[in-house]
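As a plain string of letters, each chain reads:
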Amino acid sequence: MHLTQPTVSMQLKKLASAVDARLYDQVGRKLIFTEAGLAVVSTAREVLQSFDRLDMTLSQLKGMKAGTLKLAVVTTAKYFIPHLLGDFCKLYPEIDIDFKVGNRQQIIDRMETGEDDLYVFSHPPRDHALQTYNFLPNPLVAIAPEDHPLANVAAIPLETFAEEPFLMRENGSGTRHAIEQHMADREIKLNVRMTIESNEAIKHAVMSGLGVSILSSHTLSFGGRTGLAELNVQQLPITPTWYLVHLKSKSLSVVAQTFLDYVSDTGRDSLLEELNSQT
């Protein structure tokens, strides 16, 4: 916000005086919000979102599609969502995009505070009241170095694959969530050798011979598969689905609804064609 720390402190003191309540406590070098502070933050977000909705509604009444689409996606979705956004922005050049990427838990945290219009998950959280829109399959496939002994083997038993040193995504990752659920359902334990926080880092670790892994095929289609072999493993791929999601309690902006309509009408089919051309 281009403000100095003393200026921020002064503004916070003025705000606390205006509402006649202590907004935070200082613990060491950290500021911890009080209950009153959290209430002010929540209301401030609602006010700002109301202004955003008003701006977009006025644009709509003027016959314009303008404003900002706030979209937050889990890490693997970053490989294909930009391909949706490219054509969408050509259709609606007055719409700006605020695009955030994080692992599954980070995106859940953003959703709980209502920071964005729409979210992309392959495993939406079940303990939230959500409106979900199924729009794309997300096959998770087994990969190994292209010179791996299993690279040319047909119908590899899942148990055999599980004995190989395995490179796993970090806690909070949607890919990890799907893999662990799939293996637990089949009572199979993976030989986890390393935990790695990035699809790209996993791909390079696999290429380097550090182990095998399971990643979204979209990571390979748009992110490249040089040096990698997709293994023919029984009971794979894992087949979750990509969803566009928003909280039922939060009304969609005009711009967000426009994006949803675009995905449903033409965007999804165009993306599927592009994915098929890459495989």
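To keep things clear, this report deals only with the structure shown in the data block. (Residues numbered from 1 in each chain as written. Predicted model: local features only at pLDDT ≥ 70, side-chain atom pairs only at ≥ 80, totals over all residues. Heavy atoms only, no water.)

Notes on the overall build of the chain
Worth spelling out the cut-off: The way it works is that DSSP assigns letters per residue, a run of H or I at least four long becomes a helix, a run of E at least two long becomes a strand, and they are numbered from the N terminus. Exposure is judged per residue with a 1.4 Å probe applied to protein chains only, and the accessible area is read against the type maximum: over 50% gives exposed, under 20% gives buried, and values in between give partly exposed. Any two residues having at least one pair of non-hydrogen atoms within 4.5 Å are treated as being in contact. Here the accessible surface of atoms and residues is derived via Shrake-Rupley with a 1.4 Å probe, and residues count as covered only by protein chains that are part of the display. Only four residue types enter the tally: Lys and Arg on the positive side, Asp and Glu on the negative side; His and the chain ends are excluded. Lysine's charge is taken at NZ, arginine's at CZ, aspartate's at CG and glutamate's at CD.
The helix and strand inventory of the chain stands at 9 helices and 12 strands. Taken across its 279 residues, the chain has 43% of its residues classed as buried. Contacts spanning at least 24 positions in sequence make up 75% of the contacts within the chain whose residues lie at least 6 apart. Of the roughly 15,100 Å² of accessible surface on the chain, 50% is carried by carbon and sulfur atoms. Placing the 26 positive and 33 negative side-chain charges of the chain at their respective mean positions leaves the two points 6 Å apart.

Description of the sheet that holds strand E7 (residues 140-145)
Operational definition: The pairing criterion for strands is at least two bridges between them, as found by DSSP. For every element, the axis is a line fit to its C-alpha atoms; helices are fit only across the contacting stretch, and the angle between N-to-C directions ranges from 0 to 180 degrees.
Taken together, the 3 strands give an open sheet; going across it, the order is E10-E7-E11, and neighbouring strands pair in antiparallel fashion. Edge positions in the sheet fall to strand E10 (213-216) and strand E11 (228-230), since each of these pairs with one other strand and no more. Strand-to-strand, the axes of this sheet are offset by a mean angle of 45 degrees, without reference to chain direction. Two elements, E7 and E11, share 3 bridges in a ladder whose sense is antiparallel. Looking at the pairing, Ile143 lines up with Glu230 of E11.

Concerning a nonpolar patch on the surface
How we decide: Patch rule: a residue counts if its relative accessible area is over 30% and it has no salt bridge; like charges are joined within 9 Å, and nonpolar side chains (Val, Leu, Ile, Met, Phe, Trp, Tyr) within 5 Å. Whenever Lys or Arg places a side-chain nitrogen within 4 Å of a carboxyl oxygen from Asp or Glu, that contact is recorded as a salt bridge.
Residues Val47, Phe51, Leu54 and Leu58 make up a contiguous nonpolar surface patch of about 360 Å² in total accessible area. Taking relative accessible area as the criterion, Phe51 reaches 54% and is therefore assigned exposed.

Things to note about helix H1 (residues 5-19)
Residue pairs spaced three or four apart in an α-helix point in one direction, given the helix's 3.6 residues per turn. Cut-off, in case you're wondering: A helix is expected to span 1.5 Å multiplied by its residue count minus one.
An ideal rise of 1.5 Å per residue puts 21 Å on 15 residues; H1 measures up with 21 Å between its terminal C-alpha atoms. Of the residues trailing H1, Asp20 is marked for its positive phi of about 55 degrees.

What to know about the sheet that holds strand E4 (residues 95-102)
A sheet is described by the order of its strands in space; here 5 strands give the open sequence E4-E3-E5-E12-E6, paired in mixed fashion. Looking at strand neighbours, the two that pair on one side only are E4 and strand E6 (130-137), the edges of this open sheet. Each strand axis lies, on average, 25 degrees off the axis of its neighbour in the sheet, ignoring direction. Note that strand E3 (residues 67-74) and strand E5 (residues 118-121) share 3 bridges and pair parallel. Directly across from Ala72, in E5, lies its bridge partner Tyr119. Packed onto the sheet, helix H3 (residues 81-91) meets E3, E4, E5 and E6 and runs at close to 175 degrees relative to E4.

Overview of the environment of Val263
Structurally, Val263 is set in helix H9 (residues 254-278). Separated by 128 residues in the primary sequence, Val263 and Phe135 place their C-alpha atoms 7.7 Å from one another. Excluding residues that lie within four positions of it along the chain, Val263 makes contacts with Leu84, Phe135, Leu244 and Arg268.

Let's talk about the packing of aromatic side chains
Convention followed: Here a pair means two rings of Phe, Tyr or Trp (six-membered ring of Trp) with centres within 6.5 Å. Their orientation is stacked below 30 degrees between planes, edge-to-face above 60, and tilted elsewhere.
Enumeration over the complete set of coordinates arrives at 7 aromatic pairs. Arranged with centres 5.1 Å apart and planes meeting at 55 degrees, the rings of Phe80 and Trp242 form a pair that is tilted. With Phe80 in the loop between E3 and H3 and Trp242 in strand E12 (residues 241-247), the pair connects residues that are 162 residues apart, well separated along the chain. An aromatic cluster is built from Phe88, Tyr92, Phe259 and Tyr262, whose rings are joined through pairwise contacts.

Describing the nonpolar core
Here is the rule: To form a nonpolar core, buried Ala, Val, Leu, Ile, Met, Phe, Trp, Tyr and Cys residues must be joined to one another through side-chain atoms within 4.5 Å.
One finds Leu69, Leu71, Ile81, Phe135 and Phe259 to be the most contacted residues of the largest nonpolar core, which totals 36 residues. Residue assignment for this core shows that the elements contributing at least two residues are E3, H3, helix H4 (104-112), E5, E6, E12 and H9. In terms of residues, this core owes the most to one element, H9, which gives 8 residues. In this structure Phe135 touches Phe80, Ile81, Leu84, Val120, Trp242, Tyr243, Leu244, Val263 and Arg268, once residues within four positions along its chain are discounted.

Here's the deal with the environment of Ile97
Within the secondary structure, Ile97 sits in strand E4. Residue class for Ile97 comes out partly exposed when judged on its relative accessible area of 29%. Other than its neighbours up to four places away in sequence, Ile97 contacts Leu69, Leu85, Phe88 and Cys89.

Thoughts on unusual backbone geometry
Cis geometry is adopted by the peptide bond preceding Pro237, which originates at Leu236 and carries an omega value of 5 degrees. Assignment of secondary structure puts Pro237 in the loop between E11 and E12. Although it is not a glycine, Ala155 sits at a positive phi angle of roughly 55 degrees. Residue placement: Ala155 occurs in the loop between E7 and helix H5 (158-162). Even without being a glycine, Gln235 presents a positive backbone phi close to 65 degrees. For Gln235, the position within the fold is in the loop between E11 and E12. On the basis of relative accessibility, which here comes to 40%, the residue Gln235 falls in the partly exposed class.

Limitation: the analysis is restricted to geometry and does not speak to function.
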